[in-house]
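Spelled out from the first residue to the last, the chains are:
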Amino acid sequence: MTRLSRRHLIAGTAGAGLMVGTARAEPDPHPRANQALTRIAFGSCARSDKPQPIWDAVLETRPDLFIFLGDNVYLDTRDPVVMRRKYAELAAQPGFQRLKASVPIIAIWDDHDFGENDAGVDYPMKEETRRLFLDFFGEPADSPRRTRDGIYTAHVFGPAGQRVQILLPDLRWNRTPLLPLDLGPQEYDDWVAHRAAAGQPTPGPYTRNPELTATQLGETQWRWLEDQLSVPADIRILASSLQVVADFAGWEGWMNFAHDHQRLIAAIRDRRANGLFCLSGDTHYGEISRLDVNTPYPLWDITSSGLTEVWPVTPPNALRVGEVFRDQNFGLLTLGWGGENPTVLAEIRDVNGVVRLEQALRIGDLTVR
């Protein structure tokens, strides 16, 4: 596939309100907190028992930071012995070893490294998987991630004028059960096969949950996230394991939980959390989504998945900008700090490092109206 032409920069000017708000919460400490970031790589969905050649392309970009967005291993078990073996397989991957030796890593989990496919609050081994996850990624013994109701965290990198806040919510620990799609007597696989044969998009097996009590985060994490949105920052990145913006695709995502989705938008508006865009994983394909209806400013979501995994069909997404890239991929953000208005170039790159999707943003356009 040839490289896609670069989309025009979104027009806009620097906003004076990029550093609004008085911090009511502090970011979790990070040893590289003072480092200014110019290149951030990210990705998700890597099976530890498969070759992982994509790390060569990641390392060629010389990132200042790598964000794992979930499904960093596929545990899919309740057996701690199997869990430890899966992490040992990832640790033995030569490319991952080179990444770990040269690039700071931060991580959140999704269902498969939480424990089981589409698992939520009822998964019984989450204390064990939390310990293994945090130990593997070198989280300190006194980290608050070890005692919170989930492994959510937030970091701020860089000096004043170049502050990048990275928010990593936990969408598993407290997530209420999913609602299955009502297909009557028809089996889901048969329904999908029929739609695929007709050339129709193939939504996943879930429907939206409109209940006000249905949640991915839980109330304690919600209060934490809302407070974090008041922490001063020039650029804010919501690094979500699931898609935030994509219109309902029937699979897991923020759109499944109507109250959560609206609460996030309201929190951005109420806290005047300027300069925020989203990264996401999970899907086994790369795409870019944009929501600009009933939002305080255009909300972008850059989806990169997977590092080893590829999805065979394209689910519907009315908010998709451009094409879908269905092959192994990772994401790269290049932050431009020159001038008064920071910019971000978001790219989805293939296993050879070739840019397949891209979108340029002016952070000054992401200002609460």
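Scroll up to find the structure.
Read on for an overview of the structure. None of these values were measured; they are calculated from a predicted model.

Some points on the overall build of the protein chain
Helix and strand counts for the protein chain stand at eight helices and 14 strands. Since a compact globule built from 369 residues should have a radius of gyration of about 21 Å, the 19 Å found for the protein chain is in line with a globular shape. Dimensions along the principal axes, computed over C-alpha positions, put the protein chain at roughly 55 × 45 × 45 Å. The long-range share in the protein chain, meaning contacts at least 24 apart out of those at least 6 apart in sequence, stands at 74%. Averaging the coordinates of the 39 positive side-chain charges in the protein chain and doing the same for the 48 negative ones gives two points 5 Å apart.

Describing unusual backbone geometry
Residue G306 is reached from S305 by a cis peptide bond, and omega for that bond is 0°. Position of G306 among the secondary structure elements: in the loop between β11 (299–303) and β12 (329–336). In this model, R62 sits at a positive phi of 50°, which is unusual for a non-glycine residue. With respect to the element layout, R62 can be found in the loop between α1 (54–60) and β2 (65–68). Assessed through its relative accessible area of 64%, R62 is described here as exposed. Of note in the backbone geometry, D71 takes a positive phi value of approximately 50° without being a glycine. With respect to the helices and strands, D71 occurs in the loop between β2 and α2 (80–91). Judged by its relative accessible area of 1%, D71 falls in the buried class.

Re the packing of aromatic side chains
Geometrically, a pair of aromatic rings is defined through the distance of the ring centres and the angle of the planes. Counted under the stated rule, the structure contains 19 aromatic pairs. A ring pair is formed by W222 and W254, whose centres lie 6.3 Å apart and whose planes are at 85°; its orientation type is edge-to-face. Placement of the pair is W222 in helix α7 (residues 219–228) and W254 in the loop between β8 (235–240) and α8 (258–270), with a sequence separation of 32 residues. Members of the aromatic cluster, connected to one another through ring pairs, are W55, F66, F68, Y87, F96, W109, F114, Y123, F133, F136, F137 and W173. It is R47 that lies over the ring of Y74; its NZ or CZ is 4.1 Å from the centre. Note that K100 overlies the ring of F136, its terminal NZ or CZ placed 6.0 Å from the centroid.

Overview of the pairing of strand β14 (residues 355–362)
Within a regular beta strand, the side chains point alternately toward one face of the sheet and then the other, so they alternate between its two faces. Across the eight residues of β14, seven count as buried, placing the element largely inside the fold. Joining the antiparallel neighbours strand β13 (residues 343–350) and β14 is a turn of four residues, in which G353 adopts a positive phi near 85°.

Re the sheet that holds strand β3 (residues 105–107)
Here we have six strands laid out as an open sheet, ordered β3-β2-β1-β12-β13-β14, and mixed in their pairing. Every other strand in the sheet has two partners, leaving β3 and β14 as the edge strands with one partner each. Each strand of the sheet is rotated relative to its neighbour by a mean of 20°, with strand direction disregarded. Pairing of β12 with β13, which is carried by eight bridges, proceeds in the antiparallel orientation. Among the inter-strand pairings, N329 is bridged to a residue of β13, identified as D350.

Considerations on the pairing of strand β1 (residues 39–43)
Most of β1 is tucked away: four of the five residues are buried. Note: β1 against β12, four bridges, orientation antiparallel. Residue pairing across strands places F42 opposite G331, the latter belonging to β12. Note: β1 against β2, four bridges, orientation parallel. In the strand pairing of β2, I40 is matched with L65. Regarding the hand of the β-α-β motif, the stretch spanning β1, α1 and β2 is right-handed.

What counts, and where the lines are drawn
Residues numbered from 1 in each chain as written. Predicted model: local features only at pLDDT ≥ 70, side-chain atom pairs only at ≥ 80, totals over all residues. Heavy atoms only, no water. Helix = DSSP H or I, 4+ residues; strand = E, 2+ residues; numbered from the N terminus. Rg over C-alpha atoms; globule rule 2.2 N^0.38 Å. Contact = heavy atoms within 4.5 Å. Lys, Arg positive; Asp, Glu negative; His and termini not counted. Charge placed at Lys NZ, Arg CZ, Asp CG, Glu CD. Buried < 20%, exposed > 50% of the residue type's maximum accessible area, 1.4 Å probe, protein only. Phe/Tyr/Trp six-rings, centres within 6.5 Å; stacked < 30°, edge-to-face > 60°. Lys NZ or Arg CZ within 6 Å of the ring centre and 35° of its normal. Pairing = 2+ DSSP bridges. Axes fitted to C-alpha atoms, helices over the stretch in contact; angles between N-to-C directions. Right-handed = clockwise from strand over helix to strand, strands pointing away.

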